[in-house]
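For reference, the chains in residue letters:
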Amino acid sequence: MNIKNCPYCGSRTLYILKNNYRKCKDCNKKISLNKLENDLKIIEGFCENIPALNLSKDLNMNYRTVSNRYDIFRKIIANYLEKLYYSSIQDNTSYEEFYYFNEKQLQKKNKSLYEAINIIGFYSNQRVFTLLMPSLPRPPLQDRDEDFERYLKWHKVQSQNSYKTPLKDFWSYLRENLKKYKGVTNDNFFFYLKECEFKYNFSKPICKALLKDIYFRS
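Rules and cut-offs
- Residues numbered from 1 in each chain as written.
- Predicted model: local features only at pLDDT ≥ 70, side-chain atom pairs only at ≥ 80, totals over all residues.
- Heavy atoms only, no water.
- Helix = DSSP H or I, 4+ residues; strand = E, 2+ residues; numbered from the N terminus.
- Expected span 1.5 Å × (residues − 1).
- Contact = heavy atoms within 4.5 Å.
- Phe/Tyr/Trp six-rings, centres within 6.5 Å; stacked < 30°, edge-to-face > 60°.
- Buried < 20%, exposed > 50% of the residue type's maximum accessible area, 1.4 Å probe, protein only.
- Pairing = 2+ DSSP bridges.
- Core = buried A, V, L, I, M, F, W, Y, C linked by side-chain atoms within 4.5 Å.
- Salt bridge = Lys/Arg side-chain N within 4 Å of Asp/Glu carboxyl O.

J.: Got a minute to help me understand helix H1 (residues 33-47) in this structure?
T.: Residues spaced three or four apart along an α-helix point in a common direction, a consequence of the helix completing one turn every 3.6 residues. Taking 1.5 Å per residue, 15 residues should reach 21 Å; H1 reaches 21 Å between its end C-alpha atoms and fits that length. Those residues of H1 that are buried are in contact with strand E2 (22-24), strand E3 (30-31), helix H2 (52-58), helix H3 (63-88), helix H7 (186-201) and helix H8 (204-216). Where H1 ends, the next residue or the one after it, asparagine 49, has phi of about 65°, a positive value.

Structural data, given as structure tokens:
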């Protein structure tokens, strides 16, 4: 592999070291060509929606290495999208509340909104943004208040024109994409949500270019 620009700062002034590493004159970072090549391949696989286990086999790499890199990607993507949201949200934003159930919960005959993950989606500047809301507080003694749940289903928070936006398409996209994971914990759900938001808003070529930029410069 040969590189002309530093992946961390973009400088074109690179020195070749004795161990075949490259060193950037401007940011002073040392670059392992082997690690850089692997990182680029993992970014490619992540943006192509290849599961970490499959990609580790394709690249003949340790599964934990690929999985850990995927986790890093999701965290920096979440940070990037949060900044993008606050810098671009507008007054004419459309919004809609959504209750997410995983596949196991959907198969239950009696689902409770107290088990769902509550999300609010916004549509602004031709992009979807999401925020996690607090879980619904369970009533005393864990009893279900079915009248209250029925009320919530019919009176979800939403703007008047939300049905005209891609928000409903995004909820379907989110559910379909999370199916491939054999369960996402509540603690990690936010990062998988942001991964879906990122991939929904940007085409694959743009996803790859953005992820390379924010990964190497984070």
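Picking up after the structure, the text goes on.
J.: How do you make sense of the packing of aromatic side chains when you look at a structure like this?
T.: Two numbers describe a pair of aromatic rings. These are the distance of the centres and the angle of the planes. Per the stated rule, a full pass over the model turns up 19 aromatic pairs. Geometrically, the ring pair formed by tyrosine 85 and phenylalanine 122 is tilted, given 5.8 Å between the ring centres and 45° between the ring planes. Separated by 37 residues along the polypeptide, tyrosine 85 in helix H3 and phenylalanine 122 in strand E5 (residues 117-124) bring together distant segments of the chain. Through a chain of ring-to-ring contacts, the aromatic side chains of Tyr8, Phe46, Tyr70, Phe73, Tyr215 and Phe216 assemble into a single cluster.

J.: What exactly am I supposed to notice about the pairing of E5 here?
T.: The two faces of the sheet receive side chains in turn, since in a regular strand these alternate between them. The buried count for E5 comes to 7 of 8 residues, which makes it a mostly enclosed element. Two strands pair when backbone bridges link them, and strand E4 (residues 94-100) and E5 are joined in this way by 7 bridges, in the antiparallel orientation. Within the sheet, the bridge partner assigned to glutamate 97 lies in E5 and is isoleucine 120.

J.: I keep staring at the environment of lysine 29 and nothing clicks. Help me out?
T.: You can see lysine 29 is positioned in the loop between E2 and E3. The sequence separation of lysine 29 and cysteine 6 amounts to 23 residues, and the corresponding C-alpha distance is 8.6 Å.

J.: Sorry if this is basic, but what is going on with the nonpolar core here?
T.: Considering soluble globular proteins, one finds that nonpolar side chains tend to be buried as a cluster. One finds Tyr70, Phe73 and Leu211 to be the most contacted residues of the largest nonpolar core, which totals 33 residues. Excluding residues within four positions of it along the chain, leucine 211 makes contact with Ile43, Phe46, Cys47, Phe73, Ile76, Ile77 and Phe198. Grouped together as the second largest cluster of nonpolar side chains are 14 residues, Phe98, Tyr100, Val128 and Phe189 included.

J.: Can you help me understand the pattern of salt bridges in this one?
T.: Think of it this way: side chains of opposite charge can pair up when their charged atoms draw near. The tally for this structure, following the rule as stated, stands at 14 salt bridges. We note a salt bridge from aspartate 71 to arginine 74, for which the minimum N-O separation is 3.3 Å. Of the two residues, aspartate 71 and arginine 74 are both situated in helix H3; the distance of 3 residues between them amounts to about one turn of the helix. Classification of arginine 74 by relative accessible area gives buried; the value is 4%.

J.: Mind showing me how you'd approach the sheet that holds E2 here?
T.: Sheets are built from strands paired through backbone hydrogen bonds, the pairs being either parallel or antiparallel. A sheet is described by the order of its strands in space; here 3 strands give the open sequence E1-E2-E3, paired in antiparallel fashion. Each end of this open sheet is capped by a strand with a single partner; those strands are strand E1 (14-16) and E3. Where E1 and E2 come together, 3 bridges link them in antiparallel fashion. Paired with isoleucine 16 across the bridge in E2 is arginine 22.

J.: Before we go on, may I ask you to explain unusual backbone geometry in this structure?
T.: Apart from glycine, the bulk of residues carry a negative phi angle, and the bulk of peptide bonds sit in the trans form. Positive phi outside glycine occurs at asparagine 60, with the angle close to 55°. Position of asparagine 60 among the secondary structure elements: in the loop between H2 and H3. By relative accessible area, which is 72% here, asparagine 60 ends up exposed. Phi angles above zero are rare outside glycine, and asparagine 125 is one such case at about 55°. Mapping asparagine 125 onto the fold places it in the loop between E5 and strand E6 (127-132).

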